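A look at the structure
Next come the chains, spelled out residue by residue.
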Amino acid sequence: MSDARTAYLDKLPTVNISRRGFIRVATGVGLGVASGPLLIRRAGAQSKQPLMILYGVPRATMDPQNHINTYDESPLGNMFENLVDMSNPIDPYKGWKPMLAVSWKRVNETTFQFKLREKVKFHNGEDFDAEAVKFSIDRLLGRVDKNFLPPTVAWHAYDTIDRGEPVDRYTVNVITKVPDPIVLNRFNGFGMRMVSPKFYSENPTAYLQNHANGTGPYRFVSWVKDGDLVMEANQQYWGGAPAFEKVIIRTVPEASTRVSALMSGQADVTVAVPAEQADIINRSGRGRVEHVTSNRFGWWRMNAHVPPTNNVKVRQAFNYAANVGELLRTIYSGLGERLSTIVGKYHFGYDPTLPFYPHDPDKARKLLKESGLPLPITVNFHFIQGRYTKDKDMGEGIIGELNKLGPEYLRVVPKLYEAGTFYSQANAGKLDGIIFNSWGNWMFDADIDFGPLWRTKSTPSPDYPNDPALDKLVDEARSTIDEQKRKAIYSQLQKMMWESSFAIFGMQVVDMYGVSSRVNWKPRPDEMIWAKEMKPRSA
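Notes on the structure in this doc start here. Owing to the predicted nature of the structure, the values given are computational and were not obtained by experimental measurement. (Residues numbered from 1 in each chain as written. Predicted model: local features only at pLDDT ≥ 70, side-chain atom pairs only at ≥ 80, totals over all residues. Heavy atoms only, no water.)

Description of the environment of Glu118
Assignment of secondary structure puts Glu118 in the loop between β5 (111-116) and α6 (130-140). With 156 residues separating them in the primary sequence, Glu118 and Pro274 have C-alpha atoms 44 Å apart. (Helix = DSSP H or I, 4+ residues; strand = E, 2+ residues; numbered from the N terminus.)

Looking at the packing of aromatic side chains
Scanning the model with the defined rule gives 22 aromatic pairs in all. Ring geometry for Phe422 against Phe436: centres 5.8 Å apart, planes inclined by 80 degrees, an arrangement best described as edge-to-face. Residue Phe422 is found in helix α17 (residues 419-427), and its partner Phe436 is found in strand β16 (residues 434-439); the two are separated by 14 residues along the sequence. Between Arg59 and the ring centre of Tyr55, over which it is positioned, the NZ or CZ distance is 4.4 Å. (Phe/Tyr/Trp six-rings, centres within 6.5 Å; stacked < 30°, edge-to-face > 60°. Lys NZ or Arg CZ within 6 Å of the ring centre and 35° of its normal.)

A short note on the nonpolar core
In terms of nonpolar packing, the biggest core is built from 144 residues, with Leu83 and Phe114 touching the most fellow members. Among the elements that line this core, the one with the most residues is strand β17 (residues 503-516), at seven residues. Excluding residues that lie within four positions of it along the chain, Phe114 makes contacts with Leu83, Val84, Ala101, Ser103, Trp104, Tyr170, Thr171, Val172, Val174, Leu184 and Phe187. Among the nonpolar cores identified, the runner-up in size contains 10 residues, and Val273, Ala275, Ile281 and Val289 belong to it. (Core = buried A, V, L, I, M, F, W, Y, C linked by side-chain atoms within 4.5 Å. Buried < 20%, exposed > 50% of the residue type's maximum accessible area, 1.4 Å probe, protein only. Contact = heavy atoms within 4.5 Å.)

Things to note about the side chain of Asn311
As for its placement among the helices and strands, Asn311 is situated in the loop between β12 (287-302) and α13 (312-321). A polar contact is formed between the side chain of Asn311 and the backbone nitrogen of Lys313, at a distance of 2.9 Å. (Polar contact = N/O pair within 3.5 Å; in protein donor to acceptor, adjacent residues only side chain to side chain.)

Describing the sheet that holds strand β7 (residues 171-176)
The strand order across the open sheet built from four strands is β4-β5-β7-β6, with neighbouring strands paired in antiparallel fashion. If you trace the sheet from one side to the other, it starts and ends with β4 (101-108) and β6 (161-168), each paired once. Strand after strand, the sheet turns through a mean of 20 degrees between neighbouring axes, direction not considered. Two strands pair when backbone bridges link them, and β6 and β7 are joined in this way by six bridges, in the antiparallel orientation. Each bridged residue has a counterpart across the sheet, and for Pro166 the counterpart in β7 is Val172. (Pairing = 2+ DSSP bridges. Axes fitted to C-alpha atoms, helices over the stretch in contact; angles between N-to-C directions.)

Here we look at the packing of helix α18 (residues 447-454) against helix α20 (residues 483-500)
Running from N to C, α18 and α20 cross one another at 50 degrees; their axes reach a closest spacing of 11 Å. If you check the angle between α18 and α20, you find them oblique. Once α18 is placed against α20, the crossing between them reads as left-handed. In this structure, α18 uses Asp447, Phe450 and Trp454 to contact α20, whose residues at the interface are Tyr490, Leu493, Gln494 and Met497. For the contact of α18 with α20, a count of residues per class yields five nonpolar, one polar and one charged. (Parallel < 35°, antiparallel > 145°, perpendicular 65-115°, else oblique. Left-handed = near helix turned anticlockwise from the far one by under 90°. Nonpolar A, V, L, I, M, F, W, Y, C, P; charged D, E, K, R; others polar.)

Describing α13
Counting buried positions along α13 gives eight out of 10 residues, so the element sits mostly inside the fold. Residues of α13 that are buried include every one of Val314, Arg315, Gln316, Ala317, Phe318, Asn319, Tyr320 and Ala321, and no others. For α13, the side-chain oxygen to backbone nitrogen distance between the N-cap and Lys313 is 2.9 Å, and the N-cap itself is Asn311. Positive phi shows up at Asn323, right after α13, with a value of about 60 degrees.

A short note on the side chain of Thr270
Inspection of the secondary structure puts Thr270 in strand β11 (residues 269-270). Residue contacts for Thr270: discarding those within four places in its chain leaves Leu54, Arg258, Leu262, Met512, Tyr513 and Gly514.

What to know about the pairing of strand β10 (residues 246-251)
Summarising burial for β10: five of the six residues are buried, a large majority. Note that strand β1 (residues 51-55) and β10 share five bridges and pair parallel. In the sheet register, Leu51 faces β10, and the bridge partner there is Val247. Across four bridges, the pairing between strand β9 (residues 229-233) and β10 is antiparallel. Note on β10: the bridge partner recorded for Leu229 is Ile249.

A short note on the pairing of strand β15 (residues 410-417)
When a strand is regular, its side chains alternate between the sheet's two faces. Pairing between strand β14 (residues 377-384) and β15: eight bridges, direction parallel. Counted as the bridge partner of His382 is Lys415 from β15.

Some details on the packing of helix α19 (residues 468-478) against α20
Running from amino to carboxyl end, α19 crosses α20 at an angle of 160 degrees, the nearest separation of the two axes being 9 Å. With respect to α20, the axis of α19 lies roughly antiparallel. In this structure, α19 meets α20 at a crossing whose hand is left-handed. Residues Ala469, Leu470, Leu473, Val474, Glu476, Ala477 and Arg478 of α19 form the contact with α20, whose participating residues are Arg486, Ile489, Tyr490, Gln492, Leu493, Met496 and Met497.

Note that all results are geometric; they support no functional claim without further evidence.
In structure tokens:
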């Protein structure tokens, strides 16, 4: 796998480049400027050089139906496909467009019909047809392997779906248990990426965690856990062969190291570029920074079951003190978009009329006094780095703002984690106090903001609120077809969340990508980094 282009990156997992080292690389960029035209002249051969994509967190699996993380979903989307895709920019009302389905319609309240793209094959030669859709549904719901229960099912995302029924070879009906207003949305990725019946029934689950067979523009070549994912172009792809012949996806946790790799010409796309390094990259001649307001939004959940955050006045006090608006201005250079809810602005049901908690430290101190808890209150603040741009900085900023209430009122204890350690503890419900959260709803509907996280029967860990009133409304909304009635229910839910202050409400994240000069690409707001959408710059 090693060649001149990959030699530097081969060292990255064990090399922690210092700031001095980074400066040396940045200074050396002058040579890059001189060689820029040469790079462009060589563009005819660019498609044969591996396309290097660097993430901040590692892959967990190659099974598209058995994960819940966008940093798995995005790479897997190069090899596996959905029935539908979302437009760019996102439009949760009219933005759905064909992928493996070419058209669709609601037949009745519990039947939704898809017409499928014809003459599509999986990478191993199996045909994609209505039986493959039925199989994909059956596998997700544990009917192929009784021991297979993906987290997306446990988290309430697909439990309205009963079965798939082929009508003819390229027509399939999806039957739901109850009237489901967002059947179409549920076939946009994650658990509903299409898998091939033969390959995924004949191979054991452990094998399928490490191998892949989809219909997508890239074929699986190799993957080692915590190592590289290597893919090659599918020359028979129904949408035409992609421009780059080989793609390598690698994990580099440190943002400065990813930037160094980009500026030394050893990476083509890097995630989560720090805003303060954007000018350096843009002036380097080796690359540029592309940014987009992301579908992902960040917030900081508060454990409602243990002190001190089981006290609503304490939770409200933290929202009055957090000063999120000012932090967005200083940390994101004004690029972030503040939210007053846990529903994303791109999602059906988002209520823009809900007010922001104003920055009011005096009100926060008053609430802490009224909480009945002895002062000063001590609270743990659990956060990470590398999940999205400036996540660590925002965590540190909020800690600083909370501590400004004064040591006689509050003491915030920072708990910074490596991503793997954080998620293992957070998903097990082992964290108290204030907890980092972000969500990149792939169905673009409030059902997937509320259902998996805030409904008692489907919360990912026991430290989420158990509120019967919330549960009742979440269930009512997900079985209501009428759009206006659904929007009214979601507005009511968001008002209840705001008053209960179950989270420090955050912001719509800004994604910042470093992109090499040899690549033409504009990022999508849904965090999908799909190599088929990239072209050599001279093409």
